Amino acid sequence: MAIVIVGAGIGGLTAALSLHQAGFRDVTVYERAASLRPLGVGLNLLPHAVRELTELGLGDRVAKLGAAPGTLAYYNRHGQLIWSEPRGLDAGYRWPQLSVHRGRFQMELLAAVRERLGPDAVRTGHRLIGVEGAARFETAAGRVDVAADLIIGADGIHSAVRRQRHPDEGEPRWNGLTLWRGTVRAPGFLDGRTMIMSGDAEQKFVAYPIGPNLINIIAERRGRGFAGTGADWNRAVDPEPVIALFEDWRFPWLDVPGLLKAADEILEYPMVDRDPISTWTHGNTTLLGDAAHPMYPNGSNGASQAIIDARTLAFHLATASTVTRALDDYEADRRPATTALVLSNRRQGPEQVMVLAHERAPGGFGHIHDVIAPDELTEIATGYKKAAGFHPSALNERPSLSPPVLDAARLASVISPLRRTLLTAARTAEHLPEIPDAQIEILRVLPSGVVAGPGELADRLGLSRPTVSNLLTTMEANGLVERRPRPGNRRHVEVLATARALDLFARFDLASGNLVADAVATLSANDRSALAAAVPALEHLRDALTLFKDTP
């Protein structure tokens, strides 16, 4: 199945990796920008997103990019504590929360896509202009039409795919707030692992570490920004007017104007989202991430939800009987949940505790429980985790979104009836020499560094010793094995595979695995799932037969 992904952001790249893991091989990402650069500032990857990245084999790589906060704390604009809770592993999750630089994270995903899907899997300089059947792009060389069985719009809040289906939707909705973001090289604050939010519905400041002596900051104020309208994460502005807004926000544990002054640059962005839509799927196109459900950043959840979208879509495409059924199941799982989050974030999400504290005690309080009851605070925090899908117990216990995946190399090594065809095809594909099956079996039990005597080989393979001796003579003449006196006992001979043989063997295995993977990609989702589930059973059968053969 040919799959086109429009947009090489976090959602699009995660979708490509997830589809590849699920067994899809004809997947290409098309990006409007002429080149991809590590733009942006910090973002949070909540435990439910880190779980998905871990199951994609990227957990350690992403963890090295940033920091793992252990606490989230809300304060009022006077620096008084409203609510504090553990985060990540400290909160009982099996996966951490990670705070990373968005650009570095995107580049890590891009590197993984190119490693796994190939260097041409992401094609830049392609601006989408149509999605009727094929995906039509405008490039510097002219129009390009790309035939696709499925087109995935992962192209952000200004999605061209979404605009094709909803041409009258207009610009994103602005809620009257403007954000200013930046990164600061400075020592940590509090315990060095805390993410803080201070303020209320009118003005707010957020800070959290994203690396050693590197802090991400977000300032927010109701009212127009300083560079006009329009949503562009990478629009730099003069920092002085922003600093002036927070001049008196100096707490014993944090100097807000000092951090703003020390920022490398200040990027301005109006807080915008879009109204939820009734369907993401039209024909062979669907949406994910900000293209499907752009939301206010309250709750630090935008990137995480895009990752969950990508994983969920790949899971259903790999396990449903048809593409139509897969897209229906994907929407049923994700659209109601993200619609609820969009609406919750319009009500401040978990940051509602700061709004309530300001409304009930604008000048400050003696103790927060004089203003907001403990149960009310807990309900706000717990309710958002449940709505966003990362309540600890629910996340830790839910099934994986990794579908049963066929390991082509394992399957190639256990399918006896197809072996002759497979070996012949592998030889043809890689122009490999003809090696008899019996010689291949000898090489299979002599991987790099393994030595064995002729008698051991005969016993292990169930062949007579004269037969093995004749095979070894021929193989030695062809440069496939080396026979030499055993150290310490020169009357006995030991056998090892040569470097040439190991190289040929590795090429045979690689070619076989690739041929099986390409063939399996032509099968239905049900057949792929059945084959993936069958591989362990076939391996167990092979081991049982081996045990039976060796039993006197």
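Residues numbered from 1 in each chain as written. Predicted model: local features only at pLDDT ≥ 70, side-chain atom pairs only at ≥ 80, totals over all residues. Heavy atoms only, no water.

Asks: In this structure, what is going on with the overall build of the protein? I would like to understand it.
Replies: When helices and strands are counted, the protein shows 19 helices and 22 strands. Dimensions of the protein along its principal axes, counting C-alpha atoms only, are 95 × 60 × 40 Å. Taken across its 552 residues, the protein has 51% of its residues classed as buried. Put simply, of all contacts in the protein between residues at least 6 apart along the chain, 72% involve residues at least 24 apart. Roughly 24,400 Å² of accessible area belongs to the protein as shown, and the carbon and sulfur atoms make up 53% of that amount. Side-chain charges of the protein comprise 59 positive and 63 negative groups, with the mean position of each set lying 4 Å from the other. (Helix = DSSP H or I, 4+ residues; strand = E, 2+ residues; numbered from the N terminus. Buried < 20%, exposed > 50% of the residue type's maximum accessible area, 1.4 Å probe, protein only. Contact = heavy atoms within 4.5 Å. Areas by Shrake-Rupley, 256 points an atom, 1.4 Å probe, with all protein chains shown as cover. Lys, Arg positive; Asp, Glu negative; His and termini not counted. Charge placed at Lys NZ, Arg CZ, Asp CG, Glu CD.)

Asks: Hey, could you run me through the side chain of Ser99 in this one?
Replies: Within the fold, Ser99 resides in strand S6 (residues 98-101). For Ser99, a relative accessible area of 0% gives the class buried. A polar atom in the side chain of Ser99 sits 2.6 Å from the side chain of Asn44. Ignoring any residue separated from it by four or fewer positions in sequence, one finds Ser99 in contact with Leu43, Asn44, Gly66, Ala67, Pro69, Tyr208, Pro209 and Ile210. (Polar contact = N/O pair within 3.5 Å; in protein donor to acceptor, adjacent residues only side chain to side chain.)

Asks: Just to check I follow, could you spell out the packing of aromatic side chains for this structure?
Replies: Applying the stated criterion across every chain, the model contains eight aromatic pairs. When the centroid spacing of 5.2 Å and the interplanar angle of 35 degrees are considered together, the rings of Phe251 and Trp253 count as tilted. Both residues of the pair, Phe251 and Trp253, belong to the buried class. Taken together, Tyr75, Phe205, Phe246, Trp249, Phe251 and Trp253 form an aromatic cluster joined through their ring pairs. (Phe/Tyr/Trp six-rings, centres within 6.5 Å; stacked < 30°, edge-to-face > 60°.)

Asks: Sorry, what's going on with the side chain of Ser304 here?
Replies: Tracing the sequence through the fold places Ser304 in helix H8 (residues 302-319). Not counting chain neighbours up to four residues away, the residues in contact with Ser304 comprise Asn44, Leu45, Leu46, His48 and Ala49.

Asks: Mind showing me how you'd approach the packing of helix H15 (residues 437-444) against helix H17 (residues 465-477) here?
Replies: A packed helix pair is summarised by two numbers, namely the angle formed by the two axes and the spacing between the axes. Orientation of H15 relative to H17, taken along the N-to-C sense of each, is 85 degrees, at an axis distance of 11 Å. The angle between the axes of H15 and H17 places the two elements in the roughly perpendicular class. Facing H15, whose interface residues are Ala438, Gln439, Ile442 and Leu443, H17 presents Leu471, Leu472, Thr474 and Met475. Taken together, the residues of the contact of H15 with H17 break down into six nonpolar, two polar and no charged. (Axes fitted to C-alpha atoms, helices over the stretch in contact; angles between N-to-C directions. Parallel < 35°, antiparallel > 145°, perpendicular 65-115°, else oblique. Nonpolar A, V, L, I, M, F, W, Y, C, P; charged D, E, K, R; others polar.)

Asks: I tried to follow the nonpolar core on my own but got confused; where do I start?
Replies: The tendency in soluble globular proteins is for nonpolar side chains to be buried side by side. If you look at the biggest cluster of nonpolar residues, it comprises 74 residues, and the most contacted ones within it are Val4, Ile5, Leu19, Leu45 and Phe105. Top element by residues in this core is H8. It accounts for seven residues. Those residues in contact with Phe105, other than ones at most four positions away along the chain, are Ile10, Leu45, Leu53, Val62, Leu65, Val100 and Ile307. If you look at the next biggest cluster of nonpolar residues, it comprises 27 residues, including Met195, Leu214, Ala361 and Ile368. (Core = buried A, V, L, I, M, F, W, Y, C linked by side-chain atoms within 4.5 Å.)

Asks: It is not clear to me how the sheet that holds strand S13 (residues 194-199) should be interpreted in this structure. Could you clarify?
Replies: Each strand in a sheet pairs with its neighbour through backbone hydrogen bonds, running either in the same direction (parallel) or in the opposite one (antiparallel). In space, the eight strands of this open sheet follow the order S5-S4-S13-S14-S15-S12-S19-S16, with mixed pairing throughout. Across the chains shown, the open sheet's two edge strands, defined by having one partner strand only, are strand S5 (81-86) and strand S16 (235-237). Across the sheet, the mean angle from the axis of one strand to that of its neighbour is 25 degrees, orientation sign disregarded. (Pairing = 2+ DSSP bridges.)

Asks: Before we go on, may I ask you to explain the pattern of salt bridges in this structure?
Replies: Here the idea is simple: oppositely charged side chains can pair when their charged atoms come close. According to the stated counting rule, one finds 34 salt bridges in the structure shown. A salt bridge links Glu52 to Arg311; the shortest N-O distance between them is 2.8 Å. Residue Glu52 is found in helix H2 (residues 47-55), and its partner Arg311 is found in helix H8; the two are separated by 259 residues along the sequence. Among the residues examined, Glu52 registers a relative accessible area of 0% and is labelled buried. By relative accessible area, which is 1% here, Arg311 ends up buried. Of the charged contacts in the structure, one is a salt bridge between Glu85 and Lys385, with a shortest N-O distance of 2.9 Å. On the criterion of sequence distance, the pair formed by Glu85 in strand S5 and Lys385 in helix H11 (residues 374-388) is long-range, its members being 300 residues apart. Put simply, Arg51, Glu52, Glu55, Arg311 and Arg398 are held in one network by salt bridges that share partners. (Salt bridge = Lys/Arg side-chain N within 4 Å of Asp/Glu carboxyl O.)

Asks: Whenever I open this one, helix H18 (residues 499-520) confuses me. Can you help?
Replies: The α-helix advances 3.6 residues per turn, and as a result positions three or four apart in sequence lie on the same side. In a regular helix each residue adds 1.5 Å, so 22 residues correspond to 32 Å; H18 covers 31 Å between its end C-alpha atoms and thus fits that length. Along H18, the residues that are buried comprise Ala501, Leu504, Phe505, Phe508, Ala511, Ser512, Gly513, Val516, Ala517 and Val520. (Expected span 1.5 Å × (residues − 1).)

Asks: Explanation requested: the pairing of S5 in the structure shown.
Replies: For a regular strand, side-chain orientation follows a simple rule: the groups alternate between the two sheet faces. In the sheet, strand S4 (residues 71-75) pairs with S5 via five bridges, with the strands oriented antiparallel. Along S5, the bridge assignment pairs Leu72 with Glu85. Between S4 and S5, which follow one another and run antiparallel, lie five residues, and Gly79 among them has a positive phi close to 85 degrees.

Asks: What is the right way to read the pairing of strand S21 (residues 481-486) from this model?
Replies: Pairing of S21 with strand S22 (residues 489-497), which is carried by six bridges, proceeds in the antiparallel orientation. Following the sheet pairing, Arg484 is matched in S22 by Glu494. In this structure, the hairpin formed by S21 and S22 is closed by a connection of two residues, where Gly488 is found at a positive phi of approximately 85 degrees.

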